[in-house]
Amino acid sequence: MSEQNSSSTVLEKLAQLADTICYDELPKELIVRAKDLMIDSVACAYGALTSTAAVDLLKMVHSLGGNPQASLFGFRQLTSAPLAVFFNGSLIRYLDCNDYYFGRDPGHPSGNFAVGLAVGQREGASGRALIEAMVMAYEVQSRFCDFAGQPSLWKRGWHHSSNVAFASAALAAKLSNMSVDRMAHAMAIAGSHQNTLAQLQNGGVATMKATAEAWVAKAGVEAALLAQAGITGPLDLIEGSSGWSKTVAAEMDMMGILAPIDHYRMFESNLKPYPAVATTMAAISCAIELHQITALDTQEIEKIIVRLPKFVLGTPAAGEERRYPKSLESAQHSLYYCVAIALIDGACGKAQFVENKSGLPAVQRILSRIELLEDPDLTKSWPAAGGGLTIFMRTGAQFTKTLSNPPGHPKNPLSEKQIFEKFDVYVSPVLGKDGAVNLYEQLKAIDSYENINQLSFYMRNI
């Protein structure tokens, strides 16, 4: 571990806490969990490689150039660690199928894997060091999700990617073998600059949504490089008179942020079986199951009530302006559309999110019949993003399904078979069947790597 110091600021204490996380002391099941989350993140990235966004992002990377330090998913070329973080992190997020965490604010801590891979390659880190640093990054980001914001960052107009600044900077510092003091400075620099407005995910949802966490994570790496070079940041950034707690969060539970680790928050991250906003997972699953009912003729549906926790009803995905989405991004972030298409197709994958599908008459008809209501029991179980459907037919028949814990929730986890199937669906089209299996097996054994640069051979094909 790095040197300890007698400090008093929040960021210095948080750096000391983060530095206590050690691979040799991690529970075996947490190591398995970390590898499953890496596998899932890689799957999401490869699934996005055929998108127009990937083409546009690659143009930017090519135009900027960079020292050959880290891999781009699917490609043979190398680029600088910060640019690799931006490209890979944006791909992880693009399909909206990467993991999620719910506290006061939501979060997608899987974006930290882009940092871990790029900086780990730059530094020649071992697989064990990568896992150790990833557990630390999940812990830091999730603590900010849990304990920062009044009532939340989102409600104050800040996007939850703002929390990534602290995690990504700490992660880059740890993998670069910086001292606790330098890690604190890295977080101070990153947190000073990288506060992101929530408007990017409101309204029609701009295509830059996929880049939100990746942009902040890229800056987190750059902040760590500045700290490593000797640049200092305001160590009292959190609690200072014009600090992050007062100006961005309005309120923070400092005791919660700095409490000793009694459980690892990585265990509480949720995997997604569908490429859609996190709050739709349970409702989509219910819709797919109800689709299987032979007697359910969607042409005969009179009304659909989607039951949800109170919190979800206050999110943009439940807003009336999302009833008839006009873009891929807004469709993925529409409770109305996700339920309608899952009910009609009996599936919710890439094929359900294509241009103009929301405009089909059959889809428009179902969208007009959906009503969103609070379910008090689901509200009580929040932050488990449960959901339920009640379908009323013209014949008078009713069909109901409820899931208190969505698929992928820690209490309703995806099986190893389901995780591999998701990986195969997204990776095989790029690397081929054998290439996908080989990469999957390498990620399963990542903690045996002495240098994670060995992984790059299995990641490229283009």
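Treat the numbers as computed from the prediction; the structure is a model and nothing was measured.

A. Just the overall build of the chain, in detail. Along the chain, the regular secondary structure elements total 19 helices and eight strands. Rg of the C-alpha trace for the chain: 22 Å, near the compact-globule value of 23 Å for 462 residues, within the 12% margin. Dimensions of the chain, computed from C-alpha atoms along their principal axes, come out at roughly 70 × 50 × 40 Å. Within the chain, the proportion of its 462 residues that are buried is 62%. If you take every contact in the chain between residues at least 6 apart in sequence, the share linking residues at least 24 apart comes to 77%. Here the chain holds 39 positive side-chain charges and 45 negative ones, and the gap between their average locations is 5 Å.

B. Structural context of the sheet that holds strand β8 (residues 398-403). As summarised here, the arrangement of the four strands in space is β6-β5-β7-β8, forming an open sheet in which the pairing is mixed. Taken across any chain shown, the strands that pair with only one partner, and hence form the sheet edges, are β6 (370-374) and β8. Taking the axes of each pair of neighbouring strands and ignoring which way they run, one obtains an average angle of 15 degrees across the sheet. The sheet contact formed by strand β5 (residues 301-308) and β6 spans five bridges and is parallel. Following the sheet pairing, Ile-305 is matched in β6 by Glu-371. Running at roughly 120 degrees to β6, helix α15 (residues 335-345) makes contact with β5, β6 and β7 (387-393) of the sheet.

C. The pattern of salt bridges, seen in detail. Per the counting criterion, the structure on display carries 24 salt bridges. Among the salt bridges present, the one from Arg-93 reaches Asp-96, with a minimum N-O distance of 3.0 Å. Summarising the burial analysis for this pair, Arg-93 and Asp-96 share the class buried. A salt bridge links Glu-320 to Arg-323; its shortest N-O distance comes to 2.7 Å. For Arg-323, a relative accessible area of 11% puts it in the buried group. Via salt bridges that share partners, Arg-93, Asp-96, Lys-209, Glu-213 and Lys-272 belong to a single interconnected network.

D. Fine view of the pairing of β5. Burial analysis of β5 places six of its eight residues in the buried class, which makes it a mostly covered element. Bridging between β5 and β7 involves six bridges; their strand directions are antiparallel. By the bridge assignment, Ile-304 is partnered in β7 with Ile-391.

E. Representation of the environment of Gly-359 in the model. With respect to the element layout, Gly-359 can be found in the loop between α15 and α16 (361-367). With relative accessibility at 49%, the residue Gly-359 sits in the partly exposed group. Note: C-alpha distance between Gly-359 and Leu-403 (44 residues apart in sequence) is 29 Å.

F. Representation of the environment of Asp-105 in the model. Here Asp-105 shows up in the loop between β3 (101-102) and β4 (106-107). Counting along the chain gives 257 residues from Asp-105 to Ala-362, while the straight-line C-alpha distance between them is 35 Å. Residues contacting Asp-105, with those up to four places away along its chain left out, are Cys-145, Ala-148, Ser-152, Leu-153, Trp-154 and His-160. Of note is the side chain of Asp-105, whose polar atom sits 2.9 Å from the backbone nitrogen of Trp-154.

G. Here's a closer look at the confidence of the model for the chain. Summary statistics for the chain give a mean pLDDT of 94 and a share of 98% for residues scoring 70 or more. A low-confidence stretch, residues 1-6 (pLDDT under 50), is modelled with 16 contacts involving residues beyond four sequence positions or located in other chains.

H. Inspection of the state of the cysteines at higher detail. Here the structure, examined in full by the defined rule, presents zero disulfides. With no disulfide partner, Cys-44 has as its closest neighbouring cysteine sulfur the one in Cys-97, 4.7 Å distant.

I. Representation of helix α1 (residues 10-19) in the model. Burial analysis of α1 places nine of its ten residues in the buried class, the great majority of the element. Turning to α1, its buried residues number three or more, namely Val-10, Leu-11, Glu-12, Leu-14, Ala-15, Gln-16, Leu-17, Ala-18 and Asp-19.

J. Region of interest: the packing of aromatic side chains. Counted according to the given criterion, the structure contains 13 aromatic pairs. Through successive ring pairs, a cluster of aromatic residues spans Tyr-100, Phe-102, Phe-311 and Trp-382. A cation sits over an aromatic face here: Lys-218 above Trp-215, 5.5 Å from the ring centre. Between Lys-303 and the ring centre of Phe-392, over which it is positioned, the NZ or CZ distance is 5.1 Å.

Calculation rules
- Residues numbered from 1 in each chain as written.
- Predicted model: local features only at pLDDT ≥ 70, side-chain atom pairs only at ≥ 80, totals over all residues.
- Heavy atoms only, no water.
- Helix = DSSP H or I, 4+ residues; strand = E, 2+ residues; numbered from the N terminus.
- Rg over C-alpha atoms; globule rule 2.2 N^0.38 Å.
- Buried < 20%, exposed > 50% of the residue type's maximum accessible area, 1.4 Å probe, protein only.
- Contact = heavy atoms within 4.5 Å.
- Lys, Arg positive; Asp, Glu negative; His and termini not counted.
- Charge placed at Lys NZ, Arg CZ, Asp CG, Glu CD.
- Pairing = 2+ DSSP bridges.
- Axes fitted to C-alpha atoms, helices over the stretch in contact; angles between N-to-C directions.
- Salt bridge = Lys/Arg side-chain N within 4 Å of Asp/Glu carboxyl O.
- Polar contact = N/O pair within 3.5 Å; in protein donor to acceptor, adjacent residues only side chain to side chain.
- pLDDT = per-residue confidence, 0-100.
- Disulfide = S-S within 2.5 Å.
- Phe/Tyr/Trp six-rings, centres within 6.5 Å; stacked < 30°, edge-to-face > 60°.
- Lys NZ or Arg CZ within 6 Å of the ring centre and 35° of its normal.

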